[in-house]
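Here is what each chain is made of, one letter per residue.
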Amino acid sequence: MTPRRRLPAILLRLAVVLAVLAGIVLTALGPATVTGLLPYFTIQSNVAVGVLAGYAAWCALRDRPEPPSVLKGAVTLYITITGTVYHLVLANPASPFAMAQPDRQPGEWWGNQFLHTVVPLLAVADWVLFDRRGRLRYRYAAWWLAFPVGYLGFALVRGLIVDSYPYPFIDAGELGYDGVAISAVGFAAVFWLLGLLFVGVDRLLARTGRAETAEPAVATGPMEPAPGSPVAQRETTGSA
C-alpha cells in the first residue's frame, strides 16, 4: 500500500472496529445479553469484520502485506449479507419472514443501526477502496458459502437443544425441515449470486485501475532527427 493511501485505510479500518464495538455494547445494554447475542449471524459476521479490520489496520500501520483477498472478500460478503437480509427480509413488513421490530431505547436503536447498516457500509467501502484488485476468482463464490451453510447446521442443532431459532426463515419448529430446506436453498442461491457480483466488481475495478494507470502516447510536436543522422547533417549544413 502506498504511503498516500495508508493513513486513510488505517482510519477507515479503525472506524470499522469502533463501529462493531459500539454496536455490540449498545445492543447488549438492552434486554439481550452478550452470550444471548452470540448465536446470531449478525454478531458473528460483525465480530469477523471487526477482527479482520483491526488486523488490516495493523498491517497498514506496519507496512505489512494485506490480509488475503479471498478472506477479505468472504468476510465482506458475510457482513453484506447481514445488512441486506436485515433491511430486505427481517425489517421489511412486506417480507414473509419479517420480524416484529420492538420499541428500542435510543442506545439499543443505535446499536442495531451500527450492526446492520453502519458496519456493512464501512466494510464495503474498505473493500472497494483499499483491497488489492484482480485476485478473486468466480469459483470463490461457491467456497464462500461454507460459513453460511455451517451456520445453518449450527442453528438447527442449537434449535433442537434450546427449542429456539435465531431467524424465522430457519425456524424448523414453524416451517418444518422441508420448509427450512427450501428457504436455505433460496438464500444460498442469492448469496452465491452476491458472491459472483463481488468477484465481477473486483475484476471491473482491476481493469479500470489498469486503464487509469496506463500512459497514452501523446504527440508533442514534430519528431526531431537524431543527432548525427543524415537528416540532421543536411539541416546543419543547409543542403537540400
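Our subject is the structure listed above.
Quick caveat: nothing in here was measured; it's all calculated off a predicted structure.

### Focus on the overall build of the protein chain
Then step 1. Scanning the protein chain from terminus to terminus reveals 9 helices and 0 strands.
Then step 2. Going from N to C terminus, the protein chain has its helices and strands arranged as α-α-α-α-α-α-α-α-α.
Then step 3. Here the protein chain holds 240 residues, and 38% of them are scored as buried.
Then step 4. At a minimum sequence separation of 6, the contacts of the protein chain that also span at least 24 residues come to 72%.

### Examining the side chain of Ser45
Then step 1. You can see Ser45 is positioned in helix H3 (residues 41-61).
Then step 2. Within the local environment of Ser45, its side chain forms a polar contact with the backbone oxygen of Thr42, the two atoms lying 3.0 Å apart.
Then step 3. When neighbours within four sequence positions are excluded, Ser45 is seen to be in contact with Tyr78, Ile79 and Thr82.

### Re helix H5 (residues 106-130)
Then step 1. If you look at H5, its biggest bend is around 45°, right at Phe114.
Then step 2. Among the residues of H5, Glu108, Gly111, Asn112, Gln113, Leu115, His116, Val119, Pro120, Ala123, Asp126, Trp127 and Phe130 are the ones counted as buried.

### Side note on the environment of Phe130
Then step 1. Checked against the element boundaries, Phe130 lands in helix H5.
Then step 2. Of the residues examined, Phe130 reaches a relative accessible area of 10% and is grouped as buried.
Then step 3. Taking the C-alpha atoms as reference, Phe130 lies 10.0 Å from Ile10; in sequence the two are 120 residues apart.
Then step 4. With residues up to four places along the chain from it excluded, the contact list for Phe130 reads Met1, Arg5, Pro8, Ala9, Leu12, Arg13 and Glu66.

### Details of the nonpolar core
Then step 1. Formed by 30 residues in total, the largest nonpolar core has its most connected members in Ile81, Val85, Trp144 and Phe169.
Then step 2. Looking at this core, the elements with two or more residues in it are helix H4 (69-90), helix H7 (146-162) and helix H8 (172-213).
Then step 3. Broken down by element, this core gets its largest block of residues, 8 residues, from H4.
Then step 4. Look past the residues within four positions of Phe169 in its chain and what remains in contact with it is Val85, Val89, Leu90, Phe97, Leu175, Val180, Ser183 and Phe187.
Then step 5. Residues Ile43, Val49, Val75 and Leu115 belong to the second largest nonpolar core, which totals 14 residues.

Conventions adopted
Residues numbered from 1 in each chain as written. Predicted model: local features only at pLDDT ≥ 70, side-chain atom pairs only at ≥ 80, totals over all residues. Heavy atoms only, no water. Helix = DSSP H or I, 4+ residues; strand = E, 2+ residues; numbered from the N terminus. Buried < 20%, exposed > 50% of the residue type's maximum accessible area, 1.4 Å probe, protein only. Contact = heavy atoms within 4.5 Å. Polar contact = N/O pair within 3.5 Å; in protein donor to acceptor, adjacent residues only side chain to side chain. Bend = angle between axes of the 7 residues up to and from the residue. Core = buried A, V, L, I, M, F, W, Y, C linked by side-chain atoms within 4.5 Å.

So far we have only geometry, and geometry alone does not tell us how the molecule works.
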